[in-house]
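# Overview (structure and organization)
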Amino acid sequence: MRKLIGPFSEILTLSGLALNGAIDDSQLQVIRNGGVVVEDGMISAADDFEILRKANPELEIEKIETDQVLIPGFIDCHTHICFAGSRAKDYSLRIQGKTYLEIAKSGGGIWDSVQQTRAAEEAKLVDLLKQRVQRHLADGITTIEIKSGYGLDVANELKMLRAIKTVSLTSKADLVPTCLAAHLLPKDFEGSQVDYLNHILADLLPLIKTENLANRVDIFIEESAFDRTAAVPYLLAAKAMGFEITVHADQFTTSGLEVAIETGAVSADHLEASTEREAALLKDAETVAVVLPGASLGLGMQYAPARKLLDAGACLAIASDWNPGSAPMGDLLMQAAVMSAAEKLSTAEVFAGLTFRAAKALNIKDRGILAEGMIADMQAYPCNDYREILYHQGKIKPEMVWKNGTRI
Ligand code: NIG
Ligand code: FE
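Because the structure is predicted, anything quoted here is derived from the model rather than measured. (Residues numbered from 1 in each chain as written. Chains lettered and ligands numbered in written order. Predicted model: local features only at pLDDT ≥ 70, side-chain atom pairs only at ≥ 80, totals over all residues. Heavy atoms only, no water.)

A few words now on the overall build of the chain. Across its full length, the chain holds 17 helices and 16 strands. Here the C-alpha radius of gyration of the chain, 21 Å, is about what a compact globule of 408 residues would show, namely 22 Å. Taken along the three principal axes of its C-alpha coordinates, the chain extends 70 × 45 × 40 Å. A buried classification covers 61% of the 408 residues belonging to the chain. Summarising the internal contacts of the chain: among those between residues at least 6 apart in sequence, 73% fall at separations of at least 24. (Helix = DSSP H or I, 4+ residues; strand = E, 2+ residues; numbered from the N terminus. Rg over C-alpha atoms; globule rule 2.2 N^0.38 Å. Buried < 20%, exposed > 50% of the residue type's maximum accessible area, 1.4 Å probe, protein only. Contact = heavy atoms within 4.5 Å.)

This is the structure in structure tokens:
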């Protein structure tokens, strides 16, 4: 089915922008009074609405009656939204001054979510996950990465990944699952970090392959989780099995980013502790730097040095990290807008980080730009100037969202 959608006050296509480094707003392609031709879920043209209408008089028109700015659907390339329970108690302790690590040591933290998630039936996880995916989709997020990592044993990691698969079969959003069995050394595992990671390699990853539950593997490299000596062979072995690899890196202390680049990870995520030395490693690197302002807001800590990373030549994506502990809010646009004011990111850099640069972090090439040959994942905001979107710091939401060219 072919149709013409429009006219939009503006279409911000995000075409023609570099994958790495700083971007100036003057480089943005803005089509005023624009239209998009969609054919079988794909974009076949984005141009002036009247030109498209005259050139294709036979086309059915999906008419836009109000002022709307069209941009690509967002891609949230880092979330942990498959979980049960709540960590409101952790949050109340944090705002009284306890640190994330102190809370983890005294029985809260990731391990608490592991207990609550292990106690939930798979059907309950499916239900909770569906609601969160639906909320993200309504916020214009059409592709969502989702990690396991609150199971931390074979049965419960499989339960989480199966729940993600179940939701992906019916959800309108595209879900990208990642195995994060290496989130934490589980307290009930008898053995070292290396023993645990070898157990995951031998007893979990082959089942994930057989059931086709994920093709990405993540690890949390941190003093409180896994060290680089244990992480490097794990990542290389997962890669040799055919998984793409990604790393939770430099959240509190450095070393993870270096490991990510050395092992050829598709992305290194967090980077709050990264310095100029780490930034320099990202120049022209294939590894995408993913910053997670929601975790900084949830923990009350500094943002990752996004400006420095871009100026050093990184491909910078922005994701929500939505999870029950460090980042409970899950409002990606709000987080990106607020961080951009602190870090001095241009509108172009923010939208690039939420779209085609985030697609690169997931190694997906068919979305994130409104141009011929791309999937028609799109969202429209009720305004007539694209700058209004960040200006309202997340308070204006998309009024219309399309997945594969269909309005949802
Ligand atoms: O990305 N840093 C490690 N993992 C998650 C937090 C998970 C949690 O606190 O439950 C993160 O922030
Ligand atoms: Fe995370």
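After that view, the rundown keeps rolling.
Before going further, it helps to spend a moment on the site of ligand 1. Contacts to ligand 1 come from 15 residues, most closely from Tyr 100, Tyr 150, His 183, Gln 251 and Ser 326. In this structure, His 80 approaches ligand 1 through a side-chain N or O atom, which is 3.3 Å from an oxygen atom. In this structure, Arg 87 approaches ligand 1 through a side-chain N or O atom, which is 2.9 Å from an oxygen atom. Relative to its unbound accessible area of 330 Å², ligand 1 is 100% covered by the protein chains. Class assignment for the residues of the shell around ligand 1 results in four nonpolar, nine polar and two charged. (Near = heavy atom within 4 Å. Polar contact = N/O pair within 3.5 Å; in protein donor to acceptor, adjacent residues only side chain to side chain. Areas by Shrake-Rupley, 256 points an atom, 1.4 Å probe, with all protein chains shown as cover. Nonpolar A, V, L, I, M, F, W, Y, C, P; charged D, E, K, R; others polar.)

Turning our attention to the environment of Lys 124. Structurally, the position occupied by Lys 124 is in helix 5 (residues 122–138). Lys 124 sits in the partly exposed class, given a relative accessible area of 44%. The spacing of Lys 124 and Gly 140 is 16 residues in sequence and 25 Å in space, taken between C-alpha atoms.

A few words now on helix 6 (residues 154–170). Owing to its 3.6 residues per turn, the α-helix brings residues three or four apart onto one side. Look at helix 6: 25 Å from first C-alpha to last across 17 residues, which is about the 24 Å you get at 1.5 Å a residue. When helix 6 is considered as a whole, its buried residues turn out to be Val 154, Asn 156, Glu 157, Leu 158, Lys 159, Met 160, Leu 161, Ala 163, Ile 164 and Val 167. Those residues of helix 6 that are buried lie in contact with helix 4 (110–118), helix 5, strand 7 (141–147), strand 8 (174–182), helix 7 (193–203) and helix 8 (205–210). (Expected span 1.5 Å × (residues − 1).)

Our focus in this paragraph is the coordination of the iron ion (ligand 2). The coordination sphere of the iron ion (ligand 2), as far as protein atoms go, consists of His 78 (NE2), His 80 (NE2), His 248 (NE2) and Asp 321 (OD), spread over 2.1 to 2.2 Å. Between consecutive donor residues of the iron ion (ligand 2), the sequence gaps follow H-x1-H-x167-H-x72-D. A residue pair is termed long-range when its members are at least 10 positions apart, and His 78 in the loop between strand 6 (74–76) and helix 2 (88–94) and Asp 321 in the loop between strand 13 (316–318) and helix 14 (332–343) qualify at 243 residues. Residue class for His 78 comes out buried when judged on its relative accessible area of 0%. (Donors = N, O, S within 2.8 Å, 3.2 Å for Na, K, Ca; no water.)

Okay, the packing of helix 9 (residues 228–240) against helix 10 (residues 256–263) next. Two elements in contact, helix 9 and helix 10, have axes separated by 10 Å at closest approach and are oriented at 30°. The orientation of helix 9 relative to helix 10 falls into the category roughly parallel. As helix 9 runs across helix 10, the sense of the crossing is right-handed. Contacts between helix 9 and helix 10 involve Arg 228, Val 232, Leu 235, Leu 236 and Lys 239 on the former and, on the latter, Glu 258, Val 259, Glu 262 and Thr 263. Split into classes, the residues belonging to the contact of helix 9 with helix 10 amount to four nonpolar, one polar and four charged. (Axes fitted to C-alpha atoms, helices over the stretch in contact; angles between N-to-C directions. Parallel < 35°, antiparallel > 145°, perpendicular 65-115°, else oblique. Left-handed = near helix turned anticlockwise from the far one by under 90°.)

The next point concerns the sheet that holds strand 7. The strand order 6-7-8-9-10-11-12-13 describes an open sheet built from eight strands, whose pairing is parallel. Bordering the open sheet on either side are strand 6 and strand 13, each of which pairs with just one other strand. Going across the sheet, the axis of each strand differs from the next one's by a mean of 25°, ignoring polarity. By the bridge criterion, two bridges tie strand 8 to strand 9 (residues 216–220) in an arrangement that is parallel. Across the sheet, residue Ala 182 finds its bridge partner in strand 9, namely Ile 219. (Pairing = 2+ DSSP bridges.)

Another aspect to go through is the domain arrangement of the chain. Split into domains, the chain comes out as domain 1 (2–72 + 367–407) and domain 2 (75–361). Here domain 1 and domain 2 have C-alpha centroids that lie 30 Å from each other. On the domain 2 side, the residues contacting the 31 residues of domain 1 number 36 residues. Across the domain 1/domain 2 interface, buried area totals approximately 2700 Å², and carbon plus sulfur atoms make up 63% of it. Where domain 1 touches domain 2, the interface holds three salt bridges. With its nearest N and O atoms 2.9 Å apart, the salt bridge here joins Lys 403 to Asp 174. Scanning the region where domain 1 abuts domain 2 turns up 15 residue pairs in polar contact (both at pLDDT 80 or more). At the level of elements, strand 5 (69–72), strand 14 (378–381), helix 17 (387–391) and strand 15 (400–403) are the ones that each hand at least two residues to the side of domain 1 that touches domain 2. For the side of domain 1 that touches domain 2, the element with the highest residue contribution is strand 15, accounting for three residues. Across the side of domain 1 that touches domain 2, the residue classes tally to 19 nonpolar, six polar and six charged. (Domains from an automatic or database assignment. Buried area = accessible area lost by both parts, 1.4 Å probe. Salt bridge = Lys/Arg side-chain N within 4 Å of Asp/Glu carboxyl O.)

Moving on, we get to the packing of aromatic side chains. As enumerated under the stated definition, the model contains five aromatic pairs in all. Judged by centre distance (5.7 Å) and plane angle (35°), the rings of Tyr 100 and Phe 252 are tilted. Here Tyr 100, found in helix 3 (residues 100–105), pairs with Phe 252, found in the loop between strand 10 (244–249) and helix 10; they are 152 residues apart in sequence, far enough to count as distant. With a centroid separation of 5.3 Å and an interplanar angle of 75°, the aromatic rings of Phe 189 and Tyr 196 are classed as edge-to-face. Using a relative accessible area of 24% as the deciding quantity, one classes Phe 189 as partly exposed. (Phe/Tyr/Trp six-rings, centres within 6.5 Å; stacked < 30°, edge-to-face > 60°.)

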